[in-house]
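Chain by chain, the residues:
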Amino acid sequence: MATSFVRTRRLFTTLLAVPLLALGPARLVSQTRPAMVPTPASVLGFEPGTDKRLPTWSQVVDYYTRLDAASPRVQLHVIGKTTLGRPFLAAFISDSANIANLPRYQEIQGKLADPRLRAQGERARLVAEGKVVILVTSGIHSTEVGGHLTPFRLADRLARANDGETLNVLRNTIVILVPSQNPDGMDIVGDWYRATLGTPTEGAGPPVLYNYYAGHDNNRDWYTFHLAETRATVDSLYATWYPQINNDIHQQGGNAGRIFIPPYMDPIEPNIDPILTGATNALGGAMVWRMLAEGKVGIASNASYDQWSPARQYQLNHGAARILTETASAALASPVEVPFERLGRGRGYDAKVTSWNYPVLWKGGHWGIGDIVDYQTSASWALFAAAADDRERWLESQAAVQERSVLGNKAADRADWPSSFVIPRSGQPDAAALQNLVWTLQHGQVEVRETTVPVAAGGETYPAGSYLVSTAQPFGGYAKSLLERQKYPHLLEYPGGPPKAPYDVTAHTLPLLFGVKVAAVPGPEPAAGGPIAEVDKPDYSVSGLSGRSRKRIALYKSFSASMDEGWTRMIFDTHKIPFTSAFDRDVRAGNLDSRFDVVILPDQNVRALRSGLGSNYPDSLRGGLGEQGAASLRSFVENGGTLIAFNEATNYAIETLQLPVRNVLEGLRSTDFYCPGSILSVELAPGHPVTSGMRATPAIWFEDSPAFEVTDAARTTVLARYPASGDPLLSGWLLGGDRLNGRAAAVDVSVGKGHVILFGFRPQYRAQTMATYPMLWGAILGG
């Protein structure tokens, strides 16, 4: 068996190094245009949707460069570089006359998005002249490989076809096509897939994150903008083109419906304009109608996905309808057979039973990459056609949404909104966190001003010169959603039943996550100057760790790749903290104390840590930490090392090192306790090295987290504890909060000459929880 994985191991060595792709910038506009517009197959050597064939990013760049050179309907732009240095592309596709006049249409978009820029009576002229701008994003999750291929089909029809419907789309819309939201991941997954064809690993995901830092979490970055790809899309497309519609192409699991199309399930983020919710529902319904008429089956709506977090719903918080489509996956580009009997329940429907939101069954059978691309193309084209047919209504709707936005709490149904939020510049726990909050808001297209008078809010008075964020601005509702505390609705599967799980998390309160003091201003908006200039991203550093660290740090890196490990690498890199990635083989080798002072286990469940990847992977990648790794970690701590474990990894540490700590939440039913990604209050132990650097109001991120009961107080110090009584919820959703009362959230356990520090939460959650970073720095330095 081992010999069949030689090329797989060779590729894996390459993936660990992650070389940069040596590509020059794509040509923006050619001087001469060849007569023949290339087809995708003429560049790729295969038709998009062919089984077991995936493109490379260099082929993508080649195709769109040739398309730009050959077609007057296409203008290609390089809008940035990816995390690993590849060119990040956006292709503008429309009627040649529209392409020749793009600056005028961009001006129209800006005036529709910001009514303050319009002259009196100009709105009607803008609507009459403007085009519907549709931003197409795909491939952000690189194992969803249809997203690498469907854009070829869309671009090909838009660039070459001359039928009446295509010409109508080109006349009335400007399609901004991002061929991949994750070019690095396209090559990581594609190279892995090609290397494993014909082996037991064929169709399985790679043993590394397909976004260098975030993996699958890369589409949870739409309000903190850590990733280069997120910033390029926001800065160069959203913030300059203000699209009316985002067509966001994704894939889902393969054992339920064939495709999801909005409407979304409840809940709806309360600050999203209802006009956009209605537009999303109407457009999704039109798409379903057309696809059913085409003979497509297995279409689910009002299912699985919600309209809550701006981490995933940036568009709906910025004046655009977001049409998320989720098509059933195969085994990457390899086909699968799915018997009808294997189909199960999706959230909100049963794939074996017809219902209003799942009207035609898919009867099971063969499913491959061709089916995926066909469904994605059909859905995208239905969106294009509907938008083109209703051009004027889309522009009128955007104008209405934005007119309401600049009214703030004077708009209908918004009387209970605060007029603004004040952010004092002095007295903040962390100057870098304050600067990062302002930078983050500005990068989300939020205007920040400075007050010219003292401001009374929240029982305090803040001096003139404080930052002020008005809710009466183009994206004031988005600012409000990030600056206020969330009250997620109490949703149950049925009366008296278990909680209805959110699609992702329930809280996104930046002041609590960053540790910055912010107060809502309920009365009239205070006097303030104009929008301040854009601030710089902070230059982060940690005394004793940044540059030349006093500690030798090992960060465990599993072949069952952990997104939490990637985010931890990111904060170490941004804070310039040296560390070593320790793989299974490094930990199993033993003698850790001769090489490291601190070993960190990121958030990962016990099975993944102990056993790693499954039997279909090469021997060199399997086995996890195993018994050798467990013995090595035990010896490391006993000899004086510090082991730090985050969230679910604490369960592994407790079992492996037989720690005198018990997870009191283990085995509880969701009807007894439930906390799906929320922010909770804790009380800190004073004077301990781990907690002494904390300055912000103690607030921790709780998601699939443990809570601890100490069984040997002589060996265990409680570092953070939930309040002895009352509800610890600060933002989000929590059921059964009394189960946490008095329980420990973080502990320091003595083992031999060393320590094990258990964080029953993620102190560096998605590189967002700046408020609790000091506890991590303290755990490293105090060890």
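Values in this document were obtained by computation on a predicted structure and should not be read as measured data.

A. The nonpolar core, seen in detail. Core analysis: the biggest nonpolar cluster contains 179 residues, and F384, F759, W777 and I780 have the highest contact counts within it. Ranked by residue count, the leading element in this core is helix α12 (residues 369–389), at 11 residues. With residues up to four places along the chain from it excluded, the contact list for W777 reads V542, L545, I571, F572, H575 and I577. Of all hydrophobic cores here, the second largest spans 32 residues; its members include L592, V606, L609 and A630.

B. View of the side chain of T150. Secondary-structure assignment places T150 in helix α7 (residues 146–160). Ignoring any residue separated from it by four or fewer positions in sequence, one finds T150 in contact with I249, V373, Q376 and T377.

C. A look at the sheet that holds strand β10 (residues 321–328). Pairing is mixed across the open sheet formed by eight strands, whose spatial order is β1-β2-β4-β3-β5-β10-β6-β8. The strands lining the two open edges of the sheet, one partner per strand, are β1 (74–81) and β8 (299–300). Strand contacts of α12: β3 (132–138), β4 (173–178), β5 (245–252), β6 (259–260) and β10, with the helix running at about 165° to β5, the strand carrying the most contacts.

D. Representation of the pattern of salt bridges. Per the counting criterion, the structure on display carries 46 salt bridges. Where R762 meets D564, a salt bridge forms, and the shortest distance between an N and an O atom there is 2.9 Å. Of the two residues, R762 sits in the loop between β33 (754–759) and α22 (773–782) while D564 sits in helix α17 (residues 563–574), which places them 198 residues apart along the sequence. Just as R762 is buried, D564 falls in that class too.

E. Fine view of the pairing of strand β30 (residues 716–721). Alignment of strand β27 (residues 683–684) against β30, held across two bridges, turns out to be antiparallel. In the sheet register, L684 faces β30, and the bridge partner there is A720. Of the strand pairs in this sheet, β30 and strand β32 (residues 744–751) are connected by five bridges, and their pairing is antiparallel. Paired with T716 across the two strands is V749, which belongs to β32.

F. Representation of the sheet that holds strand β16 (residues 449–450) in the model. Sheet architecture is open: four strands sit in the order β16-β19-β15-β20, paired in antiparallel fashion. Looking at the sheet topology across the chains shown, the edges are occupied by β16 and β20 (519–521). Here β16 pairs with strand β19 (residues 467–470) via two bridges, running antiparallel. Within the sheet, the bridge partner assigned to R449 lies in β19 and is L468.

G. Spatial organisation of the packing of helix α6 (residues 122–129) against helix α13 (residues 391–407). The interhelical angle for the contact between α6 and α13, taken along N-to-C directions, is 140°, at an axis separation of 8 Å. Judged by the angle between their axes, α6 and α13 are oblique. Like other packed secondary-structure pairs, α6 and α13 cross with a definite hand, here right-handed. Contacts between α6 and α13 pair R123, L126, V127 and A128 from the former with R391, E392, L395, E396, A399, A400 and E403 from the latter. Here the residues of the contact of α6 with α13 sort into six nonpolar, no polar and five charged.

Here is what the cut-offs are and how they apply
- Residues numbered from 1 in each chain as written.
- Predicted model: local features only at pLDDT ≥ 70, side-chain atom pairs only at ≥ 80, totals over all residues.
- Heavy atoms only, no water.
- Core = buried A, V, L, I, M, F, W, Y, C linked by side-chain atoms within 4.5 Å.
- Buried < 20%, exposed > 50% of the residue type's maximum accessible area, 1.4 Å probe, protein only.
- Helix = DSSP H or I, 4+ residues; strand = E, 2+ residues; numbered from the N terminus.
- Contact = heavy atoms within 4.5 Å.
- Pairing = 2+ DSSP bridges.
- Axes fitted to C-alpha atoms, helices over the stretch in contact; angles between N-to-C directions.
- Salt bridge = Lys/Arg side-chain N within 4 Å of Asp/Glu carboxyl O.
- Parallel < 35°, antiparallel > 145°, perpendicular 65-115°, else oblique.
- Left-handed = near helix turned anticlockwise from the far one by under 90°.
- Nonpolar A, V, L, I, M, F, W, Y, C, P; charged D, E, K, R; others polar.

Honestly, it's all geometry; don't read function into it.
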